[in-house]
Number of protein chains: 2
Amino acid sequence: MGAVLLGVGGPGQHHTWLDPEIPGDASVDIRWYIARAQQAEAARFDHVFIVDSQFITPDSPHHYLNRLEPLTLLSAVAVHTSHIGLVGTLTTSYNDPFNIARRLASLDIISGGRAGWNVVATGDGGTAGNYGRKEHYDYATRYGRALEHVRVVQGLWDSYEDDAFPRDKANGVFFDRSKQHALHHIGEHFQVAGPLNLQRSPQGQPVIFQAGDSDEGRDLGASVAEAIFTHAASIEEGVAFARDIRARAEAKGRNPEHILIVPGISPILGDTDEQAREKEAAIIGGKSFDRALKELGRPFGWHDFTRYDLDAPFPDLGDLGDRSFRTQAERIKKLAKDNGFTLRQVVQHGIESRRSPFTGSPLTVANEIQKWFEAGAFDGINLTVTVPSEFARFVDEVLPILRERGIARSEYDATTLRGNFGLPIPQNIHTAEKAA
Amino acid sequence: MGAVLLGVGGPGQHHTWLDPEIPGDASVDIRWYIARAQQAEAARFDHVFIVDSQFITPDSPHHYLNRLEPLTLLSAVAVHTSHIGLVGTLTTSYNDPFNIARRLASLDIISGGRAGWNVVATGDGGTAGNYGRKEHYDYATRYGRALEHVRVVQGLWDSYEDDAFPRDKANGVFFDRSKQHALHHIGEHFQVAGPLNLQRSPQGQPVIFQAGDSDEGRDLGASVAEAIFTHAASIEEGVAFARDIRARAEAKGRNPEHILIVPGISPILGDTDEQAREKEAAIIGGKSFDRALKELGRPFGWHDFTRYDLDAPFPDLGDLGDRSFRTQAERIKKLAKDNGFTLRQVVQHGIESRRSPFTGSPLTVANEIQKWFEAGAFDGINLTVTVPSEFARFVDEVLPILRERGIARSEYDATTLRGNFGLPIPQNIHTAEKAA
C-alpha cells in the first residue's frame, strides 16, 4: 500500500494574514517560508507547494497583492532543508520553455533532486496585459501551448546524458561531446534549438505536477503529469477522478501507476468531533460575505459581482469565463441554473461548500484519510493548513495514528522528491535510443 | 575619497576547472558558490558577480557548457550571507520585463536589499534559436530593446509606494489602495500594463550594472547604469572611459557621481615583483594556443578559425560579428589590418594582452590600485581571481595595505548593496509626483 504522500501549501495562497500567529508580511518573508518548510520536513512531509499569479488590481484579494516569485523563493528554501520536495508554479503561457527548463533544472541541482513543477496555463485573463498581449490565449490554444511547452522542457532536460561530464583532470577531459544533444524542436507554438547548458540532476528530471478539471486539463494531466493537485468533495468523486485520469493516461501509453493524485485538504481538528464541527461552523460563519462575493469573480476574469442585485436571479453572463477558469465558471453557471439560485444563494453555497470532509477529532480525521487512501480516492494529500499551531496539531495528533497503521512514513525513503514519491527516474531519451 | 569598491566573479566565468583547488563540478555546486561568497563577505567585499549565457554547442569552451541560472543561484547564496551584494546577469533580449522585474525584486527582498542586475543584450547570435527566432536582433534593435526594457522594469519596481502595506491587524487594513500604481507602458518594443505584485525592497530598487564598450553600449550605460563593468589596459584608458561615461550621463540629466566604474582586474601576486612576473609569464606561456584560437571566434558568433592557414594574412571576414560582440570584432579586425598580422599573430597578441597591469608584490599591486583609484580610473574593482588561495592572498596581503591607507573598508557601511556603494535610494516616482 505504501504511505500517504504529504504536502503542504505555502502561506502565499491563504487568507490568513489576520491570524495572530501569522506575521503580516509572511508572504514576502523568506525566513517564514524556510521555517514552515523546516517544520514540514521535521514531520517527514514530501513536499511544500508554492502557488503563483502575475496579475493584480487594487481590488485583488490581499494574498495576490504581494508575493515572492516561486522559484527564487524555493531556491532559498532549498539550501536550508535537505529532504523535502520543492514544488513551484510556473505558467506555460508567459514563459519561454528555455528559461523554464534552466531555472527548474538549476533548482533541481541546487536542491539535490527535490524540484517539482506545477504546470499551469494561467486562468487570469488580465495577465496578458503584462506580457504584451491585448488578449489572453483562448482555452484550446492555452492547453495546446502547455502540452508542447512541457514536452520541449522535458526534451531540454535530456540535453546531456547522465555521464556527459567525466571531469577527468588527469587526462584533461571535461566532457564527452557525444553526450550533448540539441533538441531541434519546431512545433506549432515553439521553436527551440537547444541544447540546454545544464547537466541532468540526481532525479533525472524535476517532477511534473498539474491541476485542472476540464476535459483539456485532465488530458494534459494524463499526458504529462506525475502528480495531480485536485479537489474532491467525496470518496466517490475522488475515486472517479483517479480512475478517469489513469484510464486517459493508459490510453496514451503511459503507466497509470506513475500518476499520483494529491488533492488539497483542509482538516479541521477538535478534541472531539462535536468540538471540531463547532470550530468549522465558526470558520464558515466568520467568512466574510463580501470577500466571497469578490472571489466569485475570479473564474470570470475577476468580474465585479457587486454591481448586481443580490436577491435577483443569478445574472446571465453570456460566455464570460470562457477565457479564464472555464470549468469553474461553467460549474457556477450550471449550479445557479439547475437550482434557480439568486446571486446571494450562489455566494452562500460557495461559503458552505468550504465544509471539509476532514473535520473531527484526530482519530476521526485519521480514519477518514485512511478510508479515502485505501479506497483509491487519493495517493496523498496537500494540506492547505498554514497556521503553524494547526499544522503542528495535525503532525502531533493525526500523523502518529497513520504511522501506527503503517500508512504514514516515519523516515524519508530518499533524498529526492521522485524517490519519496516512488516515481522512477526517467531514462535519458538519447541514452535509451543508443541502447535500442 | 571613500573606499575602493570590491567585487569578485563567480567560478562559472573562469577557465579554472583543471586547477587542483577547484572541484571539477564547481560551476554547478551551490556549496562552492556559497563558500566563495562567504569568503568574500568575510573580507568585506561589496559584491559577487555571476555571468551568464544561453547558447552552447559541443565546441563551446567548457565554462559555457554547464552552469546554474544566475538568480536561482544567487537566491541560495542570499540566505547564507548577510552583507555582500549579489549581482546577476540577465538578458533583455530573451526575457519579459515583467518576469525580470519580479525575479530581481524577489531576490532583493529575500536578500534584504542586496540585489544587482547586470543588464546585457546578448552577443551570442545562436541564442536566438533557443527562443523561437531565426535570427538574433540586429545591434540597434538590441540596444533599443535593452533601454526600454530597463525603463519598464524600473517602472514596475515602483508599482507600490514604500508605505503601501500598513498591515494593521487591529483595523483590518492590509494595504493602501491609493499606493498601488499600474504602469500602462506602451512602447516600441514592449507593452506592459502592471502593476507588479511585489512591494519595494529595502534598497528601493536593485542596483543596475552594465558593460559594453560600443557607442550604443556606453550610451545605455550612461542612461541607466549605476555601476559599469569594463576592462581598462591603462590608467589613461580608464580615466578617459570614466570621463566619457560621466559626460554622457550628465548630458542625459543624470548626476555623474551616481555611476561607479568597476573594471575587471586579475592581479598576479608574487613575493617579489620579479617572482610575480615569472608567474605571469608561466600563466601566459601555459595558455593553450588552441583554446585561444577557439575563443577568438566568440565575438564573430563562434566563428571557426581552425579552417584558415595560421600563417596567411588574417582572413577577410566581411561583416561577420556585426550581430554579435561588434566592438570586440571590429577591434580585432582593425588590429590585424593596422599591423598586417597573420591569424597566428592575432591569436598570439590576444594571449599576450592577458598581461595584467596588476602584477607584482602585494605592495606593488596595492600601489597600483591606489594610483588608478586616485587618478579616477576606477571607483572599484571586480576581481577575476577565483582560485581560493589566490583570492586569500589578495585579501591577506594587499587589502591590509589599502586599509592602512584608508582606501579599503574594514567594516561594511550598510546591509544593502546600494548602501555600501554609496548610491542613493531612488525615490518612488509616484511618491515624488504626489510631493511635487
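Residues numbered from 1 in each chain as written. Chains lettered and ligands numbered in written order. Predicted model: local features only at pLDDT ≥ 70, side-chain atom pairs only at ≥ 80, totals over all residues. Heavy atoms only, no water.

1. Re the domain arrangement of chain A
Residues and elements named next belong to chain A. The domain boundaries assigned to chain A delineate domain 1 (5–270 + 360–435) and domain 2 (288–352). Taking only C-alpha atoms, the centre of domain 1 and the centre of domain 2 are 30 Å apart. Listed per partner, the contact involves 19 residues of domain 1 and twelve residues of domain 2. Summing the contributions of domain 1 and of domain 2, the shared interface buries around 1300 Å²; its carbon and sulfur component is 44%. The interface formed by domain 1 and domain 2 includes two salt bridges. Linking domain 1 with domain 2 are six residue pairs in polar contact (both at pLDDT 80 or more), by the criterion used here. Counting residues per element, the ones that place at least two in the side of domain 1 that touches domain 2 are α2 (62–65) and α5 (139–157). Grouping the amino acids of the side of domain 1 that touches domain 2 by side-chain chemistry returns five nonpolar, seven polar and seven charged. (Domains from an automatic or database assignment. Contact = heavy atoms within 4.5 Å. Buried area = accessible area lost by both parts, 1.4 Å probe. Salt bridge = Lys/Arg side-chain N within 4 Å of Asp/Glu carboxyl O. Polar contact = N/O pair within 3.5 Å; in protein donor to acceptor, adjacent residues only side chain to side chain. Helix = DSSP H or I, 4+ residues; strand = E, 2+ residues; numbered from the N terminus. Nonpolar A, V, L, I, M, F, W, Y, C, P; charged D, E, K, R; others polar.)

2. Focus: unusual backbone geometry
Residues apart from glycine generally show negative phi values, whereas peptide bonds are mostly found in trans. Residue and element names in this part refer to chain A. Each neighbour pair has its own omega, and for Gly194 with Pro195 the value is -5 degrees, a cis peptide bond. Mapped onto the fold, Pro195 is located in the loop between β6 (191–192) and β7 (207–211). Notably, Thr122 is not glycine yet its phi reads approximately 70 degrees, a positive angle. You can see Thr122 is positioned in the loop between β4 (115–120) and α5.

3. Focus on the pattern of salt bridges
Any two side chains of opposite charge can pair, on the condition that their charged atoms come close. Residue and element names in this part refer to chain A. This structure, assessed with the given rule, holds 60 salt bridges over all chains. Across the pair Arg200 and Asp158 runs a salt bridge whose closest N-O atoms are separated by 2.7 Å. Remark: Asp158 occurs in the loop between α5 and β5 (185–186) and Arg200 occurs in the loop between β6 and β7; sequence separation between them is 42 residues. Put simply, Asp244 and Arg248 hold a salt bridge, and the shortest N to O gap is 2.9 Å. With Asp244 and Arg248 both in helix α7 (residues 235–251), this residue pair falls four residues apart, about one helical turn.

4. Some words on the environment of His430 of chain B
Residues and elements named next belong to chain B. If you trace the backbone, His430 turns up in helix α15 (residues 429–435). Spatially, the C-alpha atom of His430 lies 31 Å from that of Thr72, the residues being 358 residues apart in sequence. Setting aside residues no more than four positions away along its own chain, His430 makes contact with Asp158, Glu161 and His181.

5. Thoughts on the nonpolar core
Phe45, Trp117 and Ile369 of chain A together with Ile30, Phe45, Trp117 and Ile369 of chain B are the most contacted members of the largest nonpolar core, which has 160 residues in total. Aside from chain neighbours lying at most four places away, what touches Phe45 of chain B is Leu6, Gly7, Val8, Ala40, Ile84, Leu383, Phe391, Phe394, Val395, Leu399 and Tyr412 of chain B. Ala292, Leu317, Phe341 and Val347 of chain B belong to the second-largest nonpolar core, a separate cluster that totals 18 residues. (Core = buried A, V, L, I, M, F, W, Y, C linked by side-chain atoms within 4.5 Å. Buried < 20%, exposed > 50% of the residue type's maximum accessible area, 1.4 Å probe, protein only.)

6. Looking at the relation of the copies chain B and chain A
Screw-axis analysis of chain B against chain A gives a translation of 0.0 Å along the axis, an RMSD of 0.0 Å, and a rotation angle of 180 degrees. Read as a symmetry element, the transformation amounts to a two-fold axis. Residues of chain B ranked by C-alpha distance from the rotation axis are headed by Ala76 of chain B, positioned 2.2 Å from it. (Least-squares fit on C-alpha atoms with pLDDT ≥ 70 in both.)

7. Quick notes on the sheet that holds β7 of chain A
Residues and elements named next belong to chain A. Here we have eight strands rolled up into a closed barrel, ordered β1-β2-β3-β4-β7-β8-β9-β12, and parallel in their pairing. The sheet shows a mean angle of 25 degrees between the axes of neighbouring strands, direction not considered. The pairing of strand β8 (residues 227–230) with strand β9 (residues 260–265) spans four bridges and is parallel. Bridge pairing in β9 places Ala227 opposite Leu260. Across the sheet, α5 lies against β4 and β7, angled at about 155 degrees from β4, the strand it touches most. (Pairing = 2+ DSSP bridges. Axes fitted to C-alpha atoms, helices over the stretch in contact; angles between N-to-C directions.)

8. Notes on helix α12 (residues 362–375) of chain B
Residue and element names in this part refer to chain B. With 14 residues, α12 extends 20 Å from end C-alpha to end C-alpha; this agrees with the ideal 20 Å at 1.5 Å per step. Considered for burial, the residues of α12 that qualify are Pro362, Val365, Ala366, Glu368, Ile369, Gln370, Trp372 and Phe373. Buried residues belonging to α12 abut α7 (235–251), β9 (260–265), β10 (268–269), β11 (359–360), β12 (380–383) and α13 (388–404). Phi for Gly376, located one or two positions after α12, is positive at around 85 degrees. (Expected span 1.5 Å × (residues − 1).)

9. Remarks on the sheet that holds strand β7 (residues 207–211) of chain B
Residues and elements named next belong to chain B. The strand order around the closed barrel formed by eight strands is β1-β2-β3-β4-β7-β8-β9-β12, and the pairing between neighbours is parallel. Each neighbouring strand pair of the sheet contributes to a mean axis angle of 25 degrees, computed without reference to strand direction. Here helix α5 (residues 139–157) sits on the sheet in contact with β4 (115–120) and β7, set at roughly 155 degrees to β4.

10. Quick notes on the packing of helix α6 (residues 215–224) of chain B against α7 of chain B
All names here are of chain B. As a packed pair, α6 and α7 sit with axes 8 Å apart at the nearest point and diverge in direction by 60 degrees. Comparing their axes, α7 and α6 come out oblique. Considering the relative orientation of α6 and α7, their crossing is right-handed. Across the interface between the two elements, Asp215, Arg218, Asp219 and Ala222 of α6 pack against Phe241, Asp244, Ile245, Arg248 and Ala249 of α7. Tallied by class, the residues present in the contact of α6 with α7 amount to four nonpolar, no polar and five charged. (Parallel < 35°, antiparallel > 145°, perpendicular 65-115°, else oblique. Left-handed = near helix turned anticlockwise from the far one by under 90°.)

11. Observations regarding the pairing of β9 of chain A
Residue and element names in this part refer to chain A. Burial runs high along β9: five of the six residues are buried. By the bridge criterion, two bridges tie β9 to strand β12 (residues 380–383) in an arrangement that is parallel. By the bridge assignment, Gly264 is partnered in β12 with Asn382.

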